[in-house]
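Below, each chain spelled out in residue letters.
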Amino acid sequence: TRDFHHLCGLLNYLEASVFASRPRIRPFWDYLRRLKKKQRRKPCVPEALLIDATWWMGLFLQNQPSADTPWRSEHLMKKVYAATDASGDWGAGGWFQRNLYSQQWNDEFRPKSVPYKELYATAQLLHEQRQTLNNKCVYLYTDSITNVFGIAAGTSRAPECHILLRLMSHLQRKYNFLLVVKWLPREYNIVADLLSKGKLKGQQYTSSVLQLTKST
């Protein structure tokens, strides 16, 4: 248990040097908590931990992070702007620069929690614009304070929300963009709010971000 605790601490230390890697640490700490509980048998290693351990090992085999690992700074990148919102009943909406998007919930999404829907709206917008984000800093506004804290921390206790955080991390690394999430009071998030309620028409998303779950 002590050695595994040291490993968790090491990954926390390295996270600052490995771009968009924080969601890849949560399974280690979850497993550590299980190890600390008094049990007759050692708990089985979950699949999520094996996947992330393999991911970190791949980085280490590539000698990353290294002294010449580039530091991504929002002050050195071109800035683009976006906002998202989600309603509990109707759907998700968002805008990116001058593009408007909206998606109505189906039977699969309607029962899900509001924090999940808010996070999905953000992940889906980034997925839609992924090809245009290379070497850019995305300033994304949301009126969900849970969204802001979750993305900044890179983790969530809700398994479904943590999957979305992993997908956003994957998008940032693959398409080389930095995500900065800002909280915006609901009364100022007007356009995204109207889109999420179906009161303003936006174009449909061309594909779903959830299609990435099998590859990440």
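The text that follows walks through the structure, step by step, so that each part is easy to find.

The rules behind the values
- Residues numbered from 1 in each chain as written.
- Predicted model: local features only at pLDDT ≥ 70, side-chain atom pairs only at ≥ 80, totals over all residues.
- Heavy atoms only, no water.
- Core = buried A, V, L, I, M, F, W, Y, C linked by side-chain atoms within 4.5 Å.
- Buried < 20%, exposed > 50% of the residue type's maximum accessible area, 1.4 Å probe, protein only.
- Helix = DSSP H or I, 4+ residues; strand = E, 2+ residues; numbered from the N terminus.
- Contact = heavy atoms within 4.5 Å.
- Lys, Arg positive; Asp, Glu negative; His and termini not counted.
- Salt bridge = Lys/Arg side-chain N within 4 Å of Asp/Glu carboxyl O.
- Patch = residues over 30% accessible without salt bridge, like charges linked within 9 Å, V, L, I, M, F, W, Y side chains within 5 Å.
- Areas by Shrake-Rupley, 256 points an atom, 1.4 Å probe, with all protein chains shown as cover.
- Disulfide = S-S within 2.5 Å.
- Expected span 1.5 Å × (residues − 1).
- Arc of directions from axis to C-beta.
- Pairing = 2+ DSSP bridges.
- Polar contact = N/O pair within 3.5 Å; in protein donor to acceptor, adjacent residues only side chain to side chain.

## Describing the nonpolar core
Item 1. Counting 33 residues, the largest nonpolar core has Leu126, Val138, Met168, Phe177 and Leu179 as its most contacted members.
Item 2. Mapped onto this core, the elements with two or more residues apiece are strand E1 (78–86), strand E2 (91–96), helix H4 (114–128), strand E4 (136–142), helix H5 (145–153), helix H6 (159–175) and strand E5 (177–183).
Item 3. Residue contacts for methionine 168: discarding those within four places in its chain leaves Leu119, Thr122, Ala123, Leu126, Ile151 and Leu179.
Item 4. Core analysis: the second largest hydrophobic core is formed by 14 residues, Ile25, Phe28, Leu49 and Trp56 among them.

## A word on the side chain of glutamate 128
Item 1. Turning to its location among the elements, glutamate 128 is positioned in helix H4.
Item 2. One buried charge, glutamate 128, has no salt-bridge partner; the nearest side chain with opposite charge is arginine 130, at 5.5 Å.
Item 3. In this view, glutamate 128 contacts Tyr101, Tyr205, Thr206 and Ser207; residues no more than four positions away in its chain are not counted.

## Some thoughts on a nonpolar patch on the surface
Item 1. The grouping of Leu7, Leu10 and Tyr13 at the surface amounts to a nonpolar patch, some 320 Å² of accessible area in total.
Item 2. Among the structural elements, leucine 10 can be located in helix H1 (residues 2–15).

## Description of the environment of leucine 35
Item 1. In this fold, leucine 35 is placed in helix H2 (residues 26–36).
Item 2. Residue leucine 35 is classed as buried on the basis of its relative accessible area of 16%.
Item 3. Along the primary structure leucine 35 and leucine 14 are separated by 21 residues, whereas in three dimensions their C-alpha atoms are 23 Å apart.

## Here's the deal with the pattern of salt bridges
Item 1. Using the criterion set out here, one finds 8 salt bridges in the structure.
Item 2. Linking lysine 197 and aspartate 193 is a salt bridge whose minimum nitrogen-to-oxygen distance equals 3.4 Å.
Item 3. Salt bridges sharing common partners tie together Arg24, Asp52 and Arg166.

## Concerning the state of the cysteines
Item 1. With the rule as written, the count across this model stands at 0 disulfides.
Item 2. Not part of a disulfide, cysteine 8 finds its nearest cysteine sulfur in cysteine 44, a span of 18 Å.
Item 3. Taking the relative accessible area as the measure of exposure, cysteine 8 reaches 0% and is therefore buried.

## As for H1
Item 1. Relative to the 20 Å expected for 14 residues at 1.5 Å per residue, H1 spans 20 Å between its end C-alpha atoms, a close match to the ideal helical length.
Item 2. Those residues of H1 not exposed but buried are Phe4, Cys8, Leu11 and Leu14. Buried residues in H1, looked at end-on, bunch into an arc of 130°, giving them a common side. Along H1, the residues that are exposed and aim more than 90 degrees away from the buried face are Arg2, His6 and Tyr13.

## Digging into the pairing of strand E3 (residues 99–104)
Item 1. By the bridge criterion, 6 bridges tie E2 to E3 in an arrangement that is antiparallel. Residue glycine 94 lies in a different strand from E3, and its bridge partner there is tyrosine 101.
Item 2. Here E2 hands over to E3 after 2 residues, with glutamine 97 in that stretch at a positive phi of 55°.

## Points about the side chain of arginine 26
Item 1. Mapped onto the elements of the fold, arginine 26 is located in helix H2.
Item 2. One polar contact links arginine 26 to aspartate 30, side chain to side chain, over a distance of 2.8 Å.
Item 3. Of the polar contacts made by the side chain of arginine 26, one reaches the backbone oxygen of serine 156; its length is 3.4 Å.

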